[in-house]
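Each chain is listed here by its residues.
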Amino acid sequence: RGLFERSLVHVGRMWESNEISVAAEHMATAMTESLMAQVYPVLFKTERCGRRAIVSCTVNEYHQVGGKMVADLFEAHGWDSYFLGANTPLPDLLAMVEEKTPHVLCFSLALYSNAPTLLKSLQRAREAFPDLPILVGGQAFSWGGTEILDRVSNTHFLANLNVLEDWIQQW
């Protein structure tokens, strides 16, 4: 986990500062996803704890690896995680929450330009599921902007996977 997270943060910063191309960023992401997949047999051997998490990206958010890492961390702790991936339409996400009745809903945001869409998704999720805890994280908040989360009750920012792991263990 630490290796993947650190390397992708580094790649993202290189892309943001035009040190590497989009193609190079995509190649690094694909290599990371391939390496992550090799860990799956271990993840799914973990004893189940009876809890469920849904992890998603908002509409127009195409960077999904961070969200997949979140879903995998839940799996590693025995949760059943449902990773919906990139660019998930809000009605479909809300239908999945209705169907799976998760204990927590998580959003991953890589680009802060997608924050207005995230806020709309958070507000709609809160209207539909008033008591459901919502966790938000991602590179989009590296330089701030978490104050938008204050507009939606029972929504929590988690700065990295270590903070998420602490949250999971406290459950």
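Structure first, text after, so check above.
Residues numbered from 1 in each chain as written. Predicted model: local features only at pLDDT ≥ 70, side-chain atom pairs only at ≥ 80, totals over all residues. Heavy atoms only, no water.

Undergrad: Teacher, can you tell me more about the overall build of the protein here?
TA: When you go through the protein residue by residue, the secondary structure sums to seven helices and five strands. Ordered by position from N to C terminus, the α and β elements of the protein give α-α-α-β-α-β-α-β-α-β-β-α. Its C-alpha radius of gyration of 15 Å places the protein within 12% of the 16 Å reference for a compact globule of 171 residues. By its C-alpha atoms, the protein is 45 × 40 × 25 Å across when sized along the principal axes. Within the protein, the fraction of its 171 residues that count as buried is 42%. Considering only residue pairs separated by 6 or more positions, the protein has 76% of its internal contacts joining residues 24 or more positions apart. Of the roughly 8900 Å² of accessible surface on the protein, 55% is carried by carbon and sulfur atoms. Treating the 13 positive side-chain charges of the protein as one cloud and the 19 negative ones as another, the clouds have centres 3 Å apart. (Helix = DSSP H or I, 4+ residues; strand = E, 2+ residues; numbered from the N terminus. Rg over C-alpha atoms; globule rule 2.2 N^0.38 Å. Buried < 20%, exposed > 50% of the residue type's maximum accessible area, 1.4 Å probe, protein only. Contact = heavy atoms within 4.5 Å. Areas by Shrake-Rupley, 256 points an atom, 1.4 Å probe, with all protein chains shown as cover. Lys, Arg positive; Asp, Glu negative; His and termini not counted. Charge placed at Lys NZ, Arg CZ, Asp CG, Glu CD.)

Undergrad: Explanation requested: the sheet that holds strand β4 (residues 134–137) in the structure shown.
TA: Sheet strands line up and pair through hydrogen bonds in the backbone, either parallel or antiparallel. Judged by pairing direction, the sheet is parallel, and its five strands sit side by side in the order β2-β1-β3-β4-β5 without closing on themselves. Where the open sheet ends on each side, the last strands, each with one partner, are β2 (80–83) and β5 (155–157). Direction aside, the axes of adjacent strands within the sheet are offset by 20 degrees on average. Contacting β1 (52–57), β2, β3 (104–108) and β4, helix α4 (residues 65–76) crosses the sheet at an angle of about 165 degrees to β2. (Pairing = 2+ DSSP bridges. Axes fitted to C-alpha atoms, helices over the stretch in contact; angles between N-to-C directions.)

Undergrad: What should I look at first to understand the packing of aromatic side chains in this one?
TA: Within the structure shown, the criterion is met by six aromatic pairs. Taking 5.4 Å as the distance between ring centres and 65 degrees as the angle between the ring planes, the aromatic pair formed by F141 and F157 counts as edge-to-face. Here the residue F141 occupies a position in the loop between β4 and β5, and F157 occupies one in strand β5, the gap between them amounting to 16 residues. F141 gets classed as buried once you look at its relative accessible area, which sits at 5%. Overall, F157 belongs to the partly exposed group, its relative accessible area being 30%. Aromatic rings pair up to connect F74, W79, W167 and W171 into one cluster. (Phe/Tyr/Trp six-rings, centres within 6.5 Å; stacked < 30°, edge-to-face > 60°.)

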